[in-house]
Every structure is written in structure tokens, then in C-alpha cells.
Amino acid sequence: FAEDQLSLTDVTTKSSSTALTLKALGTDTESGVKIHIDDSSSSGRRLSVPAFLVLSWRAETGTDEWLQGTSYGNKVQVHHWDGDSRTDASITHLLHNVNKGSTILIEDTDRSGERILTELKMTVKGVKSQTTDTVDILLCKRLSTESSSTASADLTPCSDVVADTTATTSTTTTTTAGSTTADSTTGGIAFTTTTSTPGTGTTTTLENPGGPWSAYFSDETGSKGVAPGTALVGLGCSGQFCGSIRVSHRADVQLSSQSVTIHQLDADVGDLMCQSGQVATQVTCIGSSCSSIRLHCATPQGGRVSIDLLERLWFPSELHGTEDSYCHGDDVVVGVYCGGANCMTKKLVCATYSRDDECVPSCDILGLECGDDGCGGSCGTCSSEDSSLTPMCRGDVGRCVYFVAADWVNEDKSMTATNLVSTGMGCSDDYCGNVRLIQMSVFVDAATSEKSDWISDNTGHRWFWNSGTAASDQAADCPDGMAVSYLKCDGRHCDNLRLHCGKPLQWQVEMTEDPVVTDWFSEEQGRMDCPDGKVMTGVECQDSKKWCLTNCRSYCDNKRLRCRSIKPEMAGAAILGVVPVAELPSSADPVSPASSPWYQGAADTANNLWGGLNGVFQDSVSSAQLLCGYQSLVTVAAMRLLYFFS
């Protein structure tokens, strides 16, 4: 619903009606209106929690998990809501289900279910048979002669007056193709009233400026087969909930392969918008039957994109229908709005592309500080006044990033939180008894933090002398879309591990590909890094041996990482998730990045950096050490025999 809310007392004490325009539920994040029920308007009831009347409009596609079915479509719903957050659906009560052209007296409810007549009356304008994306309503005080026993047909409709503008905070004007738009400033709600242009019953079809349409696709595999590196101009829907889509591109608008940004919704409804100066180039289906979409954007190699936006109409116009939508003339797609369950209705956002035969570098357009400028040149190189830091350029965002090692963690010492994304892990001491995370200067959203279960080389407690938390598995993975940011250790030799994960800020963890699994490592190797700019999303302990004398792999001695790519949602100066060097955590030590051709000019300094770690096994030992070692081996072997036969 809209952030601004109305007061029931204010609405019912006004001398004129309050006019509102409701947007269809599922087409906008502000599609409802809240009316606060204060004590003076609640018939003497004292309210211990916030209470609201909530008005919403369900067009033909407006359903949710609580109100499903066509009986709720094309109607205004009035709910009573006692809540503080959007998730408080369990304390929502449906009061009225109102058709267009109807006038009702609003009756509230208390916790016992008793209906209580309020002073509020509502008129829903329009004709019942008409289907629209918006609906106009009028709110006013009921007449003293009107009561709950008055038939609806005998109620006097609220007077049709101009919306009150005395509390206006802003005026919003948008342009919708194929319609006329009026500025609307309704009591701080700032809705926009859109009226379709009257027609003659025929549809005028404009020529699609793009190339031929692709075949329909409905999954990740089909999406990847349509990635031409040119500007997107059209998008088509087909099947249940727009479960299959197709696309059309303009071959004459070539896009740079550098600084490609990716945008994906965490819910069914919302806006996918390219960064200013970028153009949509690809649509990827996520999940089965294209239950969600991901929009890929890039910068034109030549020419510029206007900042003035044009919204097309919602499509498909019929539920589960087959329909295409496209930008006209010199316009290209720069955004997609999603509405309804599984983004079943869509709206294209277009902007005019101005051709320029000369390649326009992306450095100034996107605020890139390093990497390819998209025209064969460079936006600069990375350097640091601090000789201990080795900045590297992430060409996908045109920003310099730094690498640090968090402090060592063991059974007696916890890690200092850094809120950075991890790209590797270090080991020291016997059985990799000390561990630390290698991290990149990219923030994770601390508010999204989730923990894995405890893991080890075995489940439960293998030996009676083991202490600490029992492991439930030998491998742990972050939830989808998250990366490791924190590590907790428990038990002898850091036997048990637990991961804390979070979503990288303004980055998407690539879930459409299988994770890359590294080689096994321990204190002998000292360090393991994810390859090719990937981030750490999981860790695995190698299974310990039951029958062995040496190299038994106890205490999660050997580990390997699970890694995934991350894709930026923004690039250049607009990506706030990249940490400036001045804000790197003081608890972490600067380290060099892993050796990888993915980073231009990355130095192979891992072995030198980690060669001095404590706990590395030596190739030769004294005879006294050997004797002591053999005695220990006999003891361990005996205990393993007892365990095996128990």
C-alpha cells in the first residue's frame, strides 16, 4: 500500500468527498490505501495495536493465496487489519467485496467478530462489466438516516467532486502509450489516473522495429540460447501465468560486453529497471515455467539512451493469453514491470535511443574507474598508496576491489564480523585447527544473515572424548542467493564448522549454474580460493576413515569449497556494495588475490603469502618424534577397533 495513510476521523468529518484512484493489486507496490482507525472513530473501543481499514482493487488477475478465484476479480476489497508489518496477514479480516457502480456503508469488526457500523460510506465508480487496471472511488460520511438496515440501492452515493489537494506532497505525471494521462494529487497518496483512449473497436498494430521473434522458451536453458548482445525491443507472453516468453532485438544497436548488470525480483511484483545509460539485452527465465524473470542490461557501443521513459500497456490483456508488446520507432527496452502471481502480467518501459557512429566510452556514463571502456580503450588501472594492499579491477563493474583475511578462528576464539563476502579459506595448525576466511571488499546485507547447520568429517560425536556441538552433516551450503560472510568453529581442532551467509549488496549470486567445487585442502596447502572471481557459498568436510593408522582425516582435516559466480545489479559509481579502501575492517589483514587469469595481471603470490603458516607438516622428523608418533598411532588404532565393534 501507499506509504501515506488516511485517518478515518478526517475522512468522515470533511464536508466533501475524498476521491482516490486504486491501482490493481499485483501491478504496483503501492496498490492499496490504509485508513487508520483511531480511538475517536472506533465506537468507544480502545485499540491496543494499530488498526486500519485497507482498500484494494483486484482487477481480472488480482488474486493471492488468501483470496483466490474469479469471484474476487474486478472488485474493491475492504479489509480490517491489525498489524505492524506486511506479514501480519493472519490478523486481516475481509469486510466487503464491492462491484463497480455500487455504494456501501462500511461495517468494521472487533476481535469477537461483531459487526460495528462506522461513519464511512464508499462509492465505487464505473460499470461492473468494465475491466481496468485502476478504479476510482469516493469516500464520505454516511447520512444520519442511513443505517445497516438500509438497502444498498437506497443509499445516496458520495458526491462526485474534485480530489482534495490541500495535503498534496507531490504531483506525479507518467506517460502511458495508448492512453491519456492526467496529473493526480490525492491527499498525499499521489496516484496517477490513466484513462484509455476511446476507440472504434479495432486495434491499430504498429510495426515492430526489431528483428524476428525468437522461439518461445520457459526455462534457463532456453533463455541462454537467446543472447545476441543487441538491444531488446519486444517481449511476448504465452501460456498459463505467462509461462513461456519470446523476445525481439534490434540488430543495429550493438551493446558492450563490459559492465553487464542483472536485475531480479525477490517477489512476484516489482520493477526491473536498467541502470541509467544502459539498455536491456536479455531476459532469463528463473524456475519452472518462467515463474520469475531476470533482466540483463548493458551499455550501447555507440549512441546514447534518453532519460525520458515511456511505459507501454500491461500485457497480456487477457488472463493466460498470448500477446506481444514492443517499443516503437527508435525506442528500446530499459525496464520491465511485473504484476500478478509469477509476474503473469508485464509492462515494458521504453526509452529513445539516439544513434552515434562513434563509440561512446562507458567510463563517464557509468562512472567506471578501471577496466575496458567498451570502445577498445581503458577507464584506468587500480593502484593503492598502501603497499600492503593489492587492488584488482573487477571489469564487470569497473571498480577496484581489495582482498583481506579475517582473523583466525579456533575452538577458543571467535571471528570478528566484517560483513564482507568470502572468496576463500585459509588453514593452519594440526588438522587445520585454525581457519580464516579470505574476503573481497564487497558488503553483504547483514539484515539477510542466515546460519547453516554444524558440519564435520562425521555426523554426531565419533569418540567419547569429543566435546562441542555435534555435527548433523558433512557439507553446508548457503541458501539460494547468499554467500559466506562469517565462520564459527567448535570442538577440538576446530572439528565442527558453521557458516553464516548473507546476500551480497547489489549483486546476484548465480543460481542458474552448478556450483564449482575446489580441490581438497588443509594446512599443508595453507589456502584455497574460489576460481575466476567467484565467491564462497558452501564448504565440505572430507569423510574420516574408520580403519586407518595415518591420514585418517579426523577433525574435518580436509576441506573443499563450493563456489558460485556473482553478477552485479549496478556498475561503476552506482554500485554501493563495493567497499572503499578507507572502510575496510581494521580486524582483517590485507592479502593478495588468488592467482587467476580472470583478474587482469593478478600475481601468483598465494604460496609466498601463506608459506609461513604455522602447523605445516615437515617431510622429515627425528627418531624420537617417530617413536612418539607410533605410540600415538597404536592408541588411535585400538580406539577405532573399539568403535568399529561397538
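Our subject is the structure listed above.
Only a predicted model underlies this, so the values are computations on that prediction, with no experimental measurement involved.

Asks: Can you break down the packing of aromatic side chains residue by residue, with the values?
Replies: Here the distance between the centres and the angle between the planes together describe a pair of aromatic rings. One pass over the structure, following the stated rule, counts two aromatic pairs. Across from the ring centre of Phe 52, 5.1 Å away, lies the NZ or CZ of Lys 34, which sits over that ring.

Asks: Give a detailed account of the pairing of strand β21 (residues 345–359), specifying residues and quantitative values.
Replies: Regular strands place side chains that alternate from one sheet face to the opposite one. Two strands pair when backbone bridges link them, and strand β18 (residues 302–311) and β21 are joined in this way by six bridges, in the antiparallel orientation. From the neighbouring strand, Leu 309 faces β21, where its bridge partner is Ala 351. Pairing between strand β20 (residues 331–339) and β21: eight bridges, direction antiparallel. Within the sheet, the bridge partner assigned to Tyr 337 lies in β21 and is Lys 347. Here β20 hands over to β21 after five residues, with Gly 340 in that stretch at a positive phi of 75°.

Asks: Lay out the side chain of Ser 441 with the relevant residues and their values.
Replies: Among the secondary structure elements, Ser 441 is positioned in strand β26 (residues 434–451). A polar atom in the side chain of Ser 441 sits 2.8 Å from the backbone nitrogen of Tyr 402. Each residue touching Ser 441, except ones within four places of it in the same chain, is listed here: Val 401, Tyr 402, Leu 420, Gly 577, Val 578, Val 579 and Leu 584.

Asks: Report on the sheet that holds strand β2 (residues 18–23), specifying residues and quantitative values.
Replies: Strand order in this open sheet of four strands is β2-β9-β8-β7, and the pairing throughout is antiparallel. Edge positions in the sheet fall to β2 and β7 (103–109), since each of these pairs with one other strand and no more. Looking at each pair of strands side by side, their axes are set apart by 35° on average, direction ignored. Pairing geometry for strand β8 (residues 115–124) and strand β9 (residues 134–141), over five bridges, is antiparallel. Within β9, the position partnered with Thr 123 by the bridge is Leu 138.

Asks: Which residues make up the state of the cysteines, and what values go with them?
Replies: The tally for this structure, following the rule as stated, stands at 14 disulfides. A disulfide bridge connects Cys 338 with Cys 343, and the sulfur atoms are separated by 2.0 Å. Residues Cys 338 and Cys 343 are joined through a disulfide that is left-handed, its torsion about the S-S bond being -75°. By relative accessible area, which is 3% here, Cys 343 ends up buried. Linked covalently through their sulfurs, Cys 370 and Cys 393 form a disulfide whose S-S length is 2.2 Å. Linking Cys 370 and Cys 393, the disulfide has an S-S dihedral of approximately 90° and is accordingly described as right-handed. Pair noted here: Cys 370 is in the loop between α3 (362–366) and β22 (392–394) and Cys 393 is in strand β22, with a separation of 23 residues, a long-range link.

Asks: Account for the pattern of salt bridges, naming residues and giving values.
Replies: Enumeration according to the criterion identifies 17 salt bridges in this entry. Across the salt bridge formed by Glu 119 and Arg 142, the nearest N and O atoms sit 3.0 Å from each other. A residue pair is termed long-range when its members are at least 10 positions apart, and Glu 119 in strand β8 and Arg 142 in the loop between β9 and β10 (179–182) qualify at 23 residues. Within the structure, one salt-bridge network assembled from shared partners comprises Asp 477, Glu 540, Arg 560 and Arg 562.

Asks: Go over the environment of Val 54, please, and point to the residues and values.
Replies: Its location among the elements puts Val 54 in strand β4 (residues 51–58). Here the alpha-carbon distance between Val 54 and His 80, two residues 26 residues apart in the chain, equals 6.3 Å.

Procedures and definitions
- Residues numbered from 1 in each chain as written.
- Predicted model: local features only at pLDDT ≥ 70, side-chain atom pairs only at ≥ 80, totals over all residues.
- Heavy atoms only, no water.
- Phe/Tyr/Trp six-rings, centres within 6.5 Å; stacked < 30°, edge-to-face > 60°.
- Lys NZ or Arg CZ within 6 Å of the ring centre and 35° of its normal.
- Pairing = 2+ DSSP bridges.
- Helix = DSSP H or I, 4+ residues; strand = E, 2+ residues; numbered from the N terminus.
- Polar contact = N/O pair within 3.5 Å; in protein donor to acceptor, adjacent residues only side chain to side chain.
- Contact = heavy atoms within 4.5 Å.
- Axes fitted to C-alpha atoms, helices over the stretch in contact; angles between N-to-C directions.
- Disulfide = S-S within 2.5 Å.
- Buried < 20%, exposed > 50% of the residue type's maximum accessible area, 1.4 Å probe, protein only.
- Salt bridge = Lys/Arg side-chain N within 4 Å of Asp/Glu carboxyl O.

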